[in-house]
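Here is what each chain is made of, one letter per residue.
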Amino acid sequence: MTILTFTLILLAGAYLAGLVGSLTGLGGGVVVIPLLTLVFHVDIRYAIGAALLASIANSSGAASAYVKEGITNIRLGMFLEIATTVGAVAGAVIAVYTPTNTIAILFGAILLFSAAMTIRKKNQEALTTGSNLSFKLKLNSSYPTKDGPVNYQLKNVGAGFSIMALAGVMSGLLGIGSGALKVLAMDSTMHIPFKVSTTTSNFMIGVTAAASAVVYLQRGYMDPGIAFPVVLGVLGGAFTGSKLLTRLDAKVLKYIFCTAICFVAVEMIYNGYNHQF
Amino acid sequence: MKKIISKHLFADHDIEQFIGLQLRYGVIIASLIVLVGGLIYLQQSGGLALPAYHQFIGTKNGFTSIGQIITGISTFNAKGIIQLGVVVLIATPVLRIAFSLVGFVMERDKLYILITLIVLSVMMVSIFGGLKV
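The notes below deal with the structure included here. Nothing here was measured: the structure is a model prediction, and the numbers come from that model. (Residues numbered from 1 in each chain as written. Chains lettered and ligands numbered in written order. Predicted model: local features only at pLDDT ≥ 70, side-chain atom pairs only at ≥ 80, totals over all residues.)

## Things to note about the overall build of chain A
Summing up its helical and strand segments, chain A has 11 helices and two strands in all. Along the first, second and third principal axes, the C-alpha set of chain A runs to 60 × 45 × 30 Å. Burial status across chain A gives 61% buried among its 277 residues. When contacts within chain A are restricted to residue pairs at least 6 apart in sequence, long-range pairs at least 24 apart make up 80% of them. (Helix = DSSP H or I, 4+ residues; strand = E, 2+ residues; numbered from the N terminus. Buried ≥ 20, exposed ≤ 12 C-beta atoms within 10 Å, placed from the backbone. Contact = placed C-beta atoms within 7 Å.)

## Focus on the overall build of chain B
A tally of helices and strands in chain B yields four helices and zero strands. N-terminal to C-terminal, the α/β element order of chain B is α-α-α-α. Nonlocal contacts in chain B, meaning residues at least 24 apart in sequence, comprise 60% of its contacts between residues at least 6 apart.

## Considerations on the interface of chain A and chain B
Opposite the 55 residues of chain A that make contact, chain B presents 57 residues. At the level of secondary structure, the elements contributing two or more residues to the side of chain A that touches chain B comprise helix H1 (3-24), helix H3 (44-69), helix H4 (74-96), helix H9 (194-219) and helix H10 (224-247) of chain A. By residue number, the principal contributor to the side of chain A that touches chain B is H4(A), which donates 12 residues. Looking at the side of chain A that touches chain B residue by residue, the class counts come to 35 nonpolar, 12 polar and eight charged. (Nonpolar A, V, L, I, M, F, W, Y, C, P; charged D, E, K, R; others polar.)

## Things to note about helix H8 (residues 179-189) of chain A
All names here are of chain A. Here H8 lies mainly inside the structure; 10 of its 11 residues are buried. Among the residues of H8, those classed as buried are Gly179, Ala180, Leu181, Lys182, Val183, Leu184, Ala185, Met186, Asp187 and Thr189. Of the surrounding secondary structure, the elements contacted by the buried residues of H8 are helix H5 (100-118), helix H7 (157-174) and H9. At the exit of H8 stands His191, carrying a positive phi of roughly 60 degrees.

## Topic: the nonpolar core
Residues and elements named next belong to chain A. By size, the foremost hydrophobic cluster in this structure holds 124 residues, and its most contacted members are Val32, Ala50, Leu53, Val230 and Val231. Tallying contributions element by element places H3 first for this core, with 15 residues. Excluding its chain neighbours within four sequence positions, the residues that come into contact with Val230 are Leu10, Ala14, Val32, Ala50, Leu53 and Ala54. (Core = buried A, V, L, I, M, F, W, Y, C linked by C-beta atoms within 7 Å.)

## Quick word on the environment of A:Phe203
Residues and elements named next belong to chain A. Counting through the fold element by element, Phe203 comes out in helix H9. For the pair Phe203 and Ser64, spaced 139 residues apart in sequence, the C-alpha separation works out to 8.4 Å. Apart from residues lying up to four places away in sequence, Phe203 is in contact with Ala63, Tyr66, Val67, Thr72 and Gly77.

## Concerning the packing of helix H2 (residues 66-74) of chain B against helix H3 (residues 78-106) of chain B
Residues and elements named next belong to chain B. Where H2 contacts H3, the axes come no closer than 7 Å and their chain directions differ by 130 degrees. Put simply, H2 runs oblique to H3. As H2 runs across H3, the sense of the crossing is left-handed. Residues Ile69, Gly72 and Ile73 of H2 form the contact with H3, whose participating residues are Lys79, Gly80, Ile81, Gln83, Leu84 and Val87. Here the contact of H2 with H3 is built from residues that sort into five nonpolar, three polar and one charged. (Axes fitted to C-alpha atoms, helices over the stretch in contact; angles between N-to-C directions. Parallel < 35°, antiparallel > 145°, perpendicular 65-115°, else oblique. Left-handed = near helix turned anticlockwise from the far one by under 90°.)

## Some remarks on unusual backbone geometry
Positive phi is not limited to glycine here, since A:Asn156 has a value of about 55 degrees. Within the secondary structure, A:Asn156 is located in the loop between strand E2 (150-152) and H7. Given 18 C-beta atoms within a 10 Å radius, A:Asn156 is considered partly exposed. The backbone of B:Arg108 shows a phi angle near 55 degrees, a positive value even though the residue is not glycine. Take B:Arg108: it is sitting in the loop between H3 and helix H4 (110-128). For B:Arg108, a count of 10 C-beta atoms within 10 Å corresponds to the exposed category.

## Looking at helix H2 (residues 28-39) of chain A
Residues and elements named next belong to chain A. If you check H2, its first and last C-alpha atoms are 16 Å apart, about what 12 residues at 1.5 Å a residue would give, namely 16 Å. In terms of burial, H2 is a largely internal element, 10 of the 12 residues being buried. Those residues of H2 that sit buried are Gly28, Gly29, Val30, Val31, Val32, Ile33, Pro34, Leu35, Leu36 and Thr37. Residues of H2 that are buried in the fold lie against H1, H3, H5, H10 and helix H11 (251-273). (Expected span 1.5 Å × (residues − 1).)

And the structure:
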């Protein structure tokens, strides 16, 4: 295969990855890793480098819209980024001592978990009485809806912070945004309304991914020949996905993609178990 | 009291608009640089055989430090230009933290100035901490 053919096929694949990632809410990075390793037989370390870049591009691109609408809770994001960035740097350090097959198995497990999180019931309720810590840290806020601003407060700040640290470690270790874990921390644990938790999670993914991306860049995980089609393809796919989302009901698509992703996850675990990486 | 609150909200809103724009332009500029570098890369080596990506060679690949990337750009090396786009992309969220810091300083929110400084120093440790091994 020549470089040109590889680039064009990967560009198309990354475009689809960005599209699927944006329609399911899983993020493009999660789909890029199996695409590169299972289809193109690229070393998982290059795949992790490329996926991190895809996560940063996706997160920053989408966050710019949400932040301007005022849905994102910037204080909450900033506070939880202490946990995710420390976790991500730790994850990037641990990664050196982790065999690639273990990383593949762990990735498959996170993929299964993310698929399950995508189709579960979402928290729409706004909590009216927050915990003491939520007041001290000024985390309670409001967000705009069709019927005017809705106030919300939150609780279990400590538990949410701990899950965020774990999300950071996973992000640094596997090169993904770990959006599913971030939403679990905010949505299910801290009782933040779904719209705020997804946009704030997305806002944080860029910083979390950047924290480990710098380390991986210096280690040579980011190959320009792979980064070029992946970044442009995923961005294009995510852009198309965000336009499509407003026009079609993604519910059925979500189920189809999540089933497909479960198969991919099982294949990653199986290959990792048989030392194929 | 009421006046102070509305003034704070105004500053909050302003900085949100600014951060939104900064993130958007960061991604656009990074993609454009990657695109230019990528097109030169394809033009120069599109017909060559694919490198052995199933083997990880790490830093032997080159362009893993700012110095190497700058040298690459000055010699119009396609990979060096793509890697500059990669650096701009990674810098986009880091810059966002710095702008948030400016916002919190303007609001005189001491707690969040401290929190933002902590996040910024974690990023600095990651960038300059020599964690690459």
